[in-house]
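Tertiary structure, described
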Amino acid sequence: MLKGKVVVVGVTGSIAAYKSAQLVSDLVKLGCEVHVIMTQNALNFINPITFETLTGNKCLVDTFDRNFEFNVTHVSLSQKADVFIIAPASANIIGKLANGIADDMLSTMVMAAKCTTLIAPAMNKYMFMNSIVQENIAKLQRHNFKIIQPAVGRLACNDTGVGKLPDVDVLIDYIRHEISCEKDYAGLKVLITAGPTQESLDPVRYITNHSSGKMGYALAQAASDRGAEVVLVSGSVHIKPPLFAQCKNVLSAEDMFHAVAEELSDSDVVIMAAAVADYTPDSYSDRKIKKSDSDMSIPLKRTTDILQYAGDNKPDGQIICGFSMETENLMENSKKKLQKKHCDMIAANSIRQNGAGFGTDTNIITLITRNHTTELPLMSKTDAAHQILDHILKLKKS
Ligand code: CTP
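The structure displayed is predicted, hence computed values, not measured ones.

1. Some thoughts on the overall build of the chain
Scanning the chain for helices and strands turns up 13 helices and 21 strands. Here the chain holds 398 residues, and 52% of them are scored as buried. Pairs at least 24 apart in sequence give 66% of the contacts found in the chain among residues at least 6 apart. Carbon together with sulfur atoms contributes 50% to the accessible area of the chain, which is approximately 18900 Å² in total. The average position of the 41 basic charges and that of the 43 acidic charges among the side chains of the chain differ by 1 Å.

Next comes the structure, spelled out in structure tokens:
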């Protein structure tokens, strides 16, 4: 998703500068063309050779260095960049940018940039909380710079508080969110369910299923990267939620139903990728489960069918996509679900095929609408998520 993108990384005089090497290395591994610009003060913390070795490009330091490709035309790199990120950003660079001072290579290039500049402040907590620094940050935000809030933790100066450069993964999430995709979902609210639900049998045991949540989370990440406002209603999983999605964690089908019901009416797109348990124990409070194998019968009742509820209460213009996971008669059963649950699309996957279904990073999906059936080949769940979103957008526009 970031392959071929031009990322300019500004490194300033903060002890966190050593983390920039990891950022640059990870960006290069993701296929980005990376250029690093250091301030003079950053040279006290890290050597330009590190960045030159990692990127294969000259590390730019001073405006008056005439020894390299971009010496006079620094503006050309500013114009070519897909995104600038200053990480770590010292109080000094924040102050300079906020006040229009362009007296070195980094501040000059940022001033000439057409693309978004992400700023990741990293400094002592008292410096960060200083009202002048805060005012400068607020001013940068007003001028469309995007601020990556520093993390809280133990700082290099031995203080504990706000001011740490966030993990490299977080910085990359910001970059990906900014540039990886065309924002064709901007202005749309997408509600996604993901993961398994759990139905308690007693205070200790519960029934659940093998859903890992990977498909739903890939959809949430993809929709968010494409500019959607994403609400992710998730059962218990072991995946980090996408940074820019609002995540509502639930356990039972009943919890999931209530979380979904709250968000339904103003959602433009609803995608139900959760594996909802169809049954839950009846009258939980009165029941005792015997420990003997011969008496494990438990009275069950059906859980609320959340997708059916959404289909029955669909506002005009909303697109609903359900999933179906079948062991047999995939097409026939999925078409029945499309009709019965009033969906616009069913993403059908057979759990009998290798590379498809629970837990894997890949999937084999057939997209079924009222008029079309599209069989997708084996692909990553991320690619499948984008295909599903492409089809939904076509339905929304038709
Ligand atoms: N679903 C739901 N609420 C339920 C059961 C299922 O919202 N109580 C949703 C799932 O998230 C999925 C779709 O309905 O998007 C189909 O789920 P699936 O389990 O395949 O179908 P069921 O309707 O439960 O039928 P069956 O299990 O008998 O195939």
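And the narrative resumes.
2. Quick look at the nonpolar core
Most often, soluble globular proteins keep nonpolar side chains buried together rather than apart. With 35 residues, the main nonpolar core has Tyr-185, Leu-219, Ile-271, Phe-323, Ile-365, Ile-388 and Ile-392 as its most contacted residues. When residues of this core are traced back to their parent elements, those giving at least two are strand E8 (189-194), helix H9 (214-225), strand E11 (229-234), strand E13 (269-272), strand E16 (319-326), strand E17 (345-350) and helix H13 (381-397). Residue contributions to this core peak at seven residues, all from H9. The next biggest cluster of nonpolar side chains, apart from the first, holds 33 residues, and it includes Val-24, Val-34, Phe-51 and Ala-120.

3. Some words on the packing of aromatic side chains
On inspection of all chains with the given rule, the structure shows two aromatic pairs. Between Phe-257 and Tyr-309, the aromatic rings sit 4.9 Å apart at their centres with planes inclined by 85 degrees, giving edge-to-face as the arrangement. Taken as a pair, Phe-257 in helix H10 (residues 253-264) and Tyr-309 in helix H11 (residues 306-312) lie far apart in primary sequence, 52 residues in all.

4. Observations concerning the packing of helix H1 (residues 17-29) against helix H8 (residues 168-179)
Two elements in contact, H1 and H8, have axes whose closest approach is 10 Å; the angle formed by their N-to-C orientations is 50 degrees. As far as their axial angle goes, H8 and H1 are oblique. The handedness of the crossing between H1 and H8 comes out as right-handed. Note on element contacts: H8 touches H1 through Val-168, Leu-171, Ile-172 and Ile-175, opposite Lys-19, Gln-22, Leu-23, Asp-26 and Leu-27. Residues belonging to the contact of H1 with H8 are distributed by class as follows: six nonpolar, one polar and two charged.

5. So, the domain arrangement of the chain
Once the domains are mapped, the chain shows domain 1 (6-179) and domain 2 (189-397). For domain 1 versus domain 2, the separation of C-alpha centres amounts to 40 Å. Facing six residues of domain 1, the contacting portion of domain 2 comprises six residues. The largest contributions to the domain 1 side of the interface with domain 2 come from Asp-173, Arg-176 and His-177, which together make up 75% of the buried area. Our count for the contact surface shared by domain 1 and domain 2 stands at two salt bridges. For the salt bridge of Lys-240 with Asp-173, the shortest nitrogen-to-oxygen distance reads 3.7 Å. Applying the counting criterion to the domain 1 and domain 2 interface returns two residue pairs in polar contact (both at pLDDT 80 or more). The class makeup of the residues in the side of domain 1 that touches domain 2 is two nonpolar, one polar and three charged.

6. Digging into the pairing of E13
For a regular strand, side chains alternate in direction, first toward one face of the sheet and then toward the other. Taking every second residue as pointing to the same face, both faces of E13 are buried, with Val-269 and Ile-271 on one and Val-270 and Met-272 on the other. Across four bridges, the pairing between E8 and E13 is parallel. By the bridge assignment for E13, Thr-193 is matched with Met-272. Across four bridges, the pairing between E13 and E16 is parallel. In the strand pairing of E16, Val-269 is matched with Ile-319.

Analysis parameters
Residues numbered from 1 in each chain as written. Predicted model: local features only at pLDDT ≥ 70, side-chain atom pairs only at ≥ 80, totals over all residues. Heavy atoms only, no water. Helix = DSSP H or I, 4+ residues; strand = E, 2+ residues; numbered from the N terminus. Buried < 20%, exposed > 50% of the residue type's maximum accessible area, 1.4 Å probe, protein only. Contact = heavy atoms within 4.5 Å. Areas by Shrake-Rupley, 256 points an atom, 1.4 Å probe, with all protein chains shown as cover. Lys, Arg positive; Asp, Glu negative; His and termini not counted. Charge placed at Lys NZ, Arg CZ, Asp CG, Glu CD. Core = buried A, V, L, I, M, F, W, Y, C linked by side-chain atoms within 4.5 Å. Phe/Tyr/Trp six-rings, centres within 6.5 Å; stacked < 30°, edge-to-face > 60°. Axes fitted to C-alpha atoms, helices over the stretch in contact; angles between N-to-C directions. Parallel < 35°, antiparallel > 145°, perpendicular 65-115°, else oblique. Left-handed = near helix turned anticlockwise from the far one by under 90°. Nonpolar A, V, L, I, M, F, W, Y, C, P; charged D, E, K, R; others polar. Domains from an automatic or database assignment. Buried area = accessible area lost by both parts, 1.4 Å probe. Salt bridge = Lys/Arg side-chain N within 4 Å of Asp/Glu carboxyl O. Polar contact = N/O pair within 3.5 Å; in protein donor to acceptor, adjacent residues only side chain to side chain. Pairing = 2+ DSSP bridges.

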